[in-house]
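# Commentary on secondary and tertiary structure
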Amino acid sequence: HTSLKRLTSASSARGQSNVATPSPRAEEKVGPVCSYNEWDPLEEVIVGRPDHACVPPLWEVKNIVAKENWDFFRKYGGKSFPKEHLERAKAEIEEFCNILRHEGVIVRQPDPVDWTKEFETPWFKSTGMYGAMPRDILLVVGDEIIECPMAWRSRFFEYWAYRPLMLEYFRAGGNWTTVPKPMMSDELYDFDYHPETFEEQVELIREGKYFTTEAEPCFDAADFMRAGRDIFVQRSHVTNEMGIEWMRRHLEPKGYRIHTLTFEDEKPMHIDATFNIVGPGLVLQNAGRKCHQIGMFRKAGWTIVNPPKPLMPDDHPMWMASKWLSMNVLMLDPKRVVVSAGETTTHKMFEDLGIECIKVDMKFANSLGGGAHCWTADIRRNGTLESYL
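To keep things clear, this report deals only with the structure shown in the data block. The shown structure was predicted, so the numbers you read here are calculated from the model rather than taken from an experiment. (Residues numbered from 1 in each chain as written. Predicted model: local features only at pLDDT ≥ 70, side-chain atom pairs only at ≥ 80, totals over all residues. Heavy atoms only, no water.)

## Examining the sheet that holds strand S6 (residues 144-147)
Each strand in a sheet pairs with another by means of backbone hydrogen bonds, the pair being arranged parallel or else antiparallel. Ordered by their spatial adjacency, 3 strands build an open sheet running S5-S6-S7, and the pairing between neighbours is mixed. Edge positions in the sheet fall to strand S5 (138-141) and strand S7 (175-178), since each has one partner strand and no second. With direction set aside, neighbouring strand axes in the sheet form an average angle of 20°. Sheet topology places S5 next to S6; 4 bridges connect them, and they run antiparallel. What sits directly across from Val140, in S6, is Ile145. Across the sheet, helix H8 (residues 241-251) is in contact with S5, S6 and S7; its angle to S6 comes to roughly 160°. (Pairing = 2+ DSSP bridges. Helix = DSSP H or I, 4+ residues; strand = E, 2+ residues; numbered from the N terminus. Axes fitted to C-alpha atoms, helices over the stretch in contact; angles between N-to-C directions. Contact = heavy atoms within 4.5 Å.)

## Description of the environment of Val61
Within the secondary structure layout, Val61 lies in helix H2 (residues 58-61). With a relative accessible area of 0%, Val61 lands in the buried category. Expressed as a C-alpha distance, the spacing of Val61 and Asn328, which sit 267 residues apart in the sequence, is 20 Å. (Buried < 20%, exposed > 50% of the residue type's maximum accessible area, 1.4 Å probe, protein only.)

## What to know about the layout of surface pockets
A volume near 760 Å³ is recorded for the largest pocket. Residue lining of the largest pocket: 32 residues in total, with Ile64, Lys267, Arg289, Ala321 and Ser322 positioned closest to the centre. When the residues that make up the lining of the largest pocket are grouped by side-chain class, the tally is 15 nonpolar, 7 polar and 10 charged. Here the second largest pocket is characterised by a volume of approximately 260 Å³. Taken together, 18 residues line the second largest pocket, and the ones lying closest to its centre are Ile205, Gly208, Tyr210, Arg235 and Thr262. Elements that contribute at least two residues to the lining of the second largest pocket include exactly helix H7 (198-206) and strand S10 (257-261). A total of 3 residues in the lining of the second largest pocket trace back to one element, the largest contributor, which is H7. The class makeup of the residues in the lining of the second largest pocket is 6 nonpolar, 5 polar and 7 charged. (1 Å grid on protein atoms, 1.4 Å probe; cavity = no way out; pocket = protein on both sides within 12 Å on 5 of 7 lines; lining within 4 Å. Points joined across faces, edges and corners; volume = space filled by probe spheres on them. Nonpolar A, V, L, I, M, F, W, Y, C, P; charged D, E, K, R; others polar.)

## Some thoughts on the packing of aromatic side chains
Aromatic ring pairs are described here by two measures, namely the spacing of the ring centres and the angle between the planes. Per the counting criterion, the structure on display carries 25 aromatic pairs. Centre to centre, the rings of Trp39 and Tyr388 are 5.0 Å apart; their planes meet at 75°, and the pair counts as edge-to-face. Of this pair, Trp39 sits in the loop between helix H1 (10-13) and strand S1 (42-47) while Tyr388 sits in the segment after strand S17 (376-381), and the two are 349 residues apart along the sequence. For Trp39, a relative accessible area of 2% puts it in the buried group. Judged by its relative accessible area of 17%, Tyr388 falls in the buried class. Centroid distance Phe275 to Phe297: 5.1 Å. Interplanar angle 50°. Geometry classified as tilted. Here Phe297 lies in helix H9 (residues 294-299) and Phe275 lies in strand S11 (residues 275-279), a separation of 22 residues in the sequence. Considered together, Phe275 and Phe297 belong to a single accessibility category, that of buried residues. Chaining the aromatic ring pairs together yields one cluster made of Phe119, Phe124, Phe156, Phe157, Tyr159 and Trp160. (Phe/Tyr/Trp six-rings, centres within 6.5 Å; stacked < 30°, edge-to-face > 60°.)

Given below as structure tokens:
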């Protein structure tokens, strides 16, 4: 059972009650769900909600957050994020939604839920976390929404916030797959995984050792990056080999190719601040997290761009992510990108590539663990399935 509760009715919370009719595509049967990559013209998107966000416990995040933030999780774990900070993040996301609508994108949002309420399963007790990052739980591949089996106990019931939208898309003709949810018993976690130094962290990752085990499949959607028939994924602290294999067996019979990438990253979790594909044959590669398979992309003639160092001030709290959210951008189409307003050097990088920057202030929203890419899940883009490798 659970004592998580909805705060408002589904009809009032989602803002828009109907899935809009998609624009036509040549030789393509189009339903309410259709997206093959990260850059085709965006028509409809889910944007997360920061409302009632709850801080996860330290043990869940210890291996992915900066050590200087551990005291924050000791103090606030299982409680709401600081109220004033949350209110400012909420205002930023409301403006983000307004900007997307102004750019012609249909915006949907999950239901608000009180994530501070404790729940219990046969294997554990926990509070929730948030419905802020739809990119973590939802992966759209073609005409299918895949609801992913995330690894943290605090996110066990996160699907609640999105379920009314999933039902709506399904009733309108979209395909909807829910991957088997992990039990999240103690066997899924290596509680002895506590590297003390940067060198120890790097060495364990090189040895293929992570906080999550191979007890059962788990993965976050944000560890996957789509480029038509080719889908790239990283093994991380929240995505295991069993989860990658589940996706391989599910998608390869449909004509997709799953490629595992590895990086020089001591805290791997979510690929889109490390390796972000922003156009056909155009990828942002974090220079501080070298991709061991980058030759594959060079051989295919791709343009590989190393983004400039982030400009986020050192005194701004980044509890759940690194400053490299500067490259966690959302493409509206191949020539327009949503990017953080303060990252002026990143603006110049995109302008030099001939891409217009739509600037959004998301500094307080960043503190919760995501940039414009993380805070969204694209439901429909106007494009067709192609191969880019």
